[in-house]
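# Descriptive structure summary
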Amino acid sequence: MPYERANIQNLSAYTPGEQPQSGERIIKLNTNENPYPPIAPVMEAIRNLPGESLRKYPSPAAMNFRKTAAHVHGVGIDQIIATNGGDELLRLAISVFCDPSAATTGVGGIGVVEPSYSLYPVLAAAHDTPVTRVPLNADYSLPDDLEKRMLDAGVAMVMLVNPHAPSGALIPLSRLDKLASALQGQAVLLIDEAYVDFATHDCLPLVRKESGLDNVLLLRTMSKGYSLAGLRFGYGIGSANLIAAMDKARDSYNTDALSQAAATAAVANRALAAESWKKVIAERSRMTKELTKRGWHVFPSQTNFILTVPPTALSGDAKVPAARTIYESLKARNILVRYFDHEGLRDKLRITIGTPEENDAVLGALDQLATK
Ligand SMILES: *Cc1c(COP(=O)(O)O)cnc(C)c1O
């Protein structure tokens, strides 16, 4: 007899991108890691951590980190919460803001747009929280009736990723302001800014007191911009009422002393990390230009990846989807990219921006495939 709840029995777990074990030389452009190493002050903070800091419990609320992040972003300390990766913030937000009886009443679940980060519905299913799904427009912009559909469904929280994954599109601030205002008093708007370091603007104005909004929560992570996916550190920036609610429900020591020290050094030295963001953005433009020249469609991106559609001719066989053929041929050459083939993402490749050498290897491999 299974001991777990029925919703857990029925749950299909999140499928992360492939993580090959070291050995073979692999060009890994499938999970949006930053190709450059963590900045020097982060490595120093890790090396210099006194043993005493590990003997004792860490600061329960990651106080140094919160002070530093609040200063960098120009918000109050009571507007920051530190979490074990951005993913913990997502889970915490669902357990704090969604209604446990939503499975029977249908009211108080989450709302998502599609396509989007596939972890949201998995976390919702683990909480037995219903999911209202609204398809994005063909260019991955938000539909005009989004707020009406979310309010009609009675969701407790709308979860959006901006800049959008996996398309790279950036929603204008005015559009999100309108959405947050419509939801205010009824639902939280969680804006997942995992890729914001590569974008032209962020949504910080929506969490400042002057915005007049009290329902906006931003997700930030060390995993993409700061080259620290292995550290597992993320944080939320939001209005103080939302942060206080989540602070009550989190694990008492949810982030450890080592990651607190490293993450504090990372945000304190944001300008150093920004040098890698500039390089990634320059390579993003170059890859967009080079692929377009070769007949590919590349969606405009404000992230460290590009969503692409290869020319059909490249499959060589009309019956085989072009992107899948290319995904497999690149994999055979030890180059990993992400392949999608579902509603809203038919036969598309998502390619993380790597170093200039890695990107050249991709272009070289594609040119070989094209002449075969
Ligand atoms: C990477 C990512 C996150 C956060 O990842 P963590 O490694 O858990 O911090 C959140 N949302 C999206 C869309 C992401 O791509």
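The sections below set out a description of the structure shown in this document. (Residues numbered from 1 in each chain as written. Predicted model: local features only at pLDDT ≥ 70, side-chain atom pairs only at ≥ 80, totals over all residues. Heavy atoms only, no water.)

This brings us to the overall build of the protein. Across its full length, the protein holds 14 helices and 13 strands. Taking 372 residues into account, the globule formula puts the C-alpha radius of gyration at 21 Å, and the protein, at 21 Å, falls close to it. C-alpha atoms of the protein, sized along the principal axes, occupy 60 × 55 × 55 Å. Taking the intrachain contacts of the protein between residues at least 6 apart in sequence as the baseline, contacts between residues at least 24 apart amount to 73%. As presented, the protein carries roughly 16900 Å² of accessible surface, and 53% of it is formed by carbon and sulfur atoms. The positive charge centre, built from 38 side chains, and the negative charge centre, built from 39, are 3 Å apart in the protein. (Helix = DSSP H or I, 4+ residues; strand = E, 2+ residues; numbered from the N terminus. Rg over C-alpha atoms; globule rule 2.2 N^0.38 Å. Contact = heavy atoms within 4.5 Å. Areas by Shrake-Rupley, 256 points an atom, 1.4 Å probe, with all protein chains shown as cover. Lys, Arg positive; Asp, Glu negative; His and termini not counted. Charge placed at Lys NZ, Arg CZ, Asp CG, Glu CD.)

Counting 79 residues, the largest nonpolar core has F65, L142, L160, L176, M222 and L349 as its most contacted members. L349 has contacts with W296, I306, L307, T308, A323, I326, Y327, V337, R338 and Y339, leaving out every residue within four places of it along the chain. Core analysis: the second largest hydrophobic core is formed by 30 residues, L90, L123, A156 and L242 among them. (Core = buried A, V, L, I, M, F, W, Y, C linked by side-chain atoms within 4.5 Å. Buried < 20%, exposed > 50% of the residue type's maximum accessible area, 1.4 Å probe, protein only.)

With that settled, the discussion passes to the pairing of strand β8 (residues 234-238). A regular strand places its side chains so that they alternate between the two faces of the sheet. Summarising burial for β8: five of the five residues are buried, a large majority. Neither face of β8 is exposed, since G234, G236 and G238 on one face and Y235 and I237 on the opposite face are all buried. One ladder, built from five bridges, connects strand β7 (residues 216-221) with β8; its direction is antiparallel. By the bridge assignment for β8, T221 is matched with G234. (Pairing = 2+ DSSP bridges.)

Following N162, the chain continues into P163 via a peptide bond in cis, with omega recorded as -5°. If you trace the backbone, P163 turns up in the loop between β5 (157-161) and α9 (173-183). Cis geometry is found at the peptide bond from A165 to P166, where omega equals 5°. With respect to the helices, strands and loops of the structure, P166 is situated in the loop between β5 and α9. With a phi angle near 65°, Y140 is a residue other than glycine that sits in the positive phi range. By the element assignment, Y140 lies in the loop between β4 (131-135) and α8 (146-153). Of note in this structure, R232 is not a glycine but carries a positive phi near 65°.

Following the criterion strictly, the structure yields nine aromatic pairs and no others. Measuring from centroid to centroid gives 5.8 Å for Y14 and Y117, while their planes differ by 80°, and the two rings are edge-to-face. Within this pair, whereas Y14 is found in the loop between α1 (6-9) and β1 (27-28), its partner Y117 is found in the loop between β3 (110-114) and α7 (119-126), the two being separated by 103 residues in sequence. The exposure class of Y117 is partly exposed, given its relative accessible area of 24%. Geometrically, the ring pair formed by F65 and Y235 is edge-to-face, given 5.0 Å between the ring centres and 70° between the ring planes. In this pair, F65 sits in helix α4 (residues 63-73) while Y235 sits in strand β8, placing the two residues 170 residues apart along the sequence. Residue F65 is classed as buried on the basis of its relative accessible area, which comes to 1%. Relative accessible area serves as the criterion here: at 2%, Y235 is assigned to the buried category. Pairwise contacts between aromatic rings join Y14, Y117 and Y120 into one cluster. Stacked on the ring of Y36, the Lys or Arg K279 has its end atom at 4.3 Å from the ring centre. (Phe/Tyr/Trp six-rings, centres within 6.5 Å; stacked < 30°, edge-to-face > 60°. Lys NZ or Arg CZ within 6 Å of the ring centre and 35° of its normal.)

Counted under the stated rule, the structure contains 17 salt bridges. A salt bridge links E114 to R133, with the shortest nitrogen-to-oxygen separation between them at 3.0 Å. One end of the pair, E114, is in strand β3; the other, R133, is in strand β4, and 19 residues separate them in sequence. A relative accessible area of 35% places E114 in the partly exposed class. Assessed through its relative accessible area of 42%, R133 is described here as partly exposed. The residue D341 makes a salt bridge to R346 at a minimum N-O spacing of 3.4 Å. When salt bridges that share partners are traced, they join E290, K293, R294 and D367 into one network. (Salt bridge = Lys/Arg side-chain N within 4 Å of Asp/Glu carboxyl O.)

Its 24 residues give helix α12 (residues 270-293) an end-to-end C-alpha distance of 35 Å, which sits within 8% of 34 Å, the value for a rise of 1.5 Å per residue. Along α12, the residues classified as buried are A273, S276, W277, V280, E283, R284, M287, E290 and L291. Structurally, α12 contributes buried residues whose contacts are with β9 (297-298), β10 (305-309), β13 (345-352) and α14 (356-371). Once α12 finishes, G295 follows within two positions and takes phi at roughly 90°, a positive value. (Expected span 1.5 Å × (residues − 1).)

Purely spatial values, then, with no claim about function.
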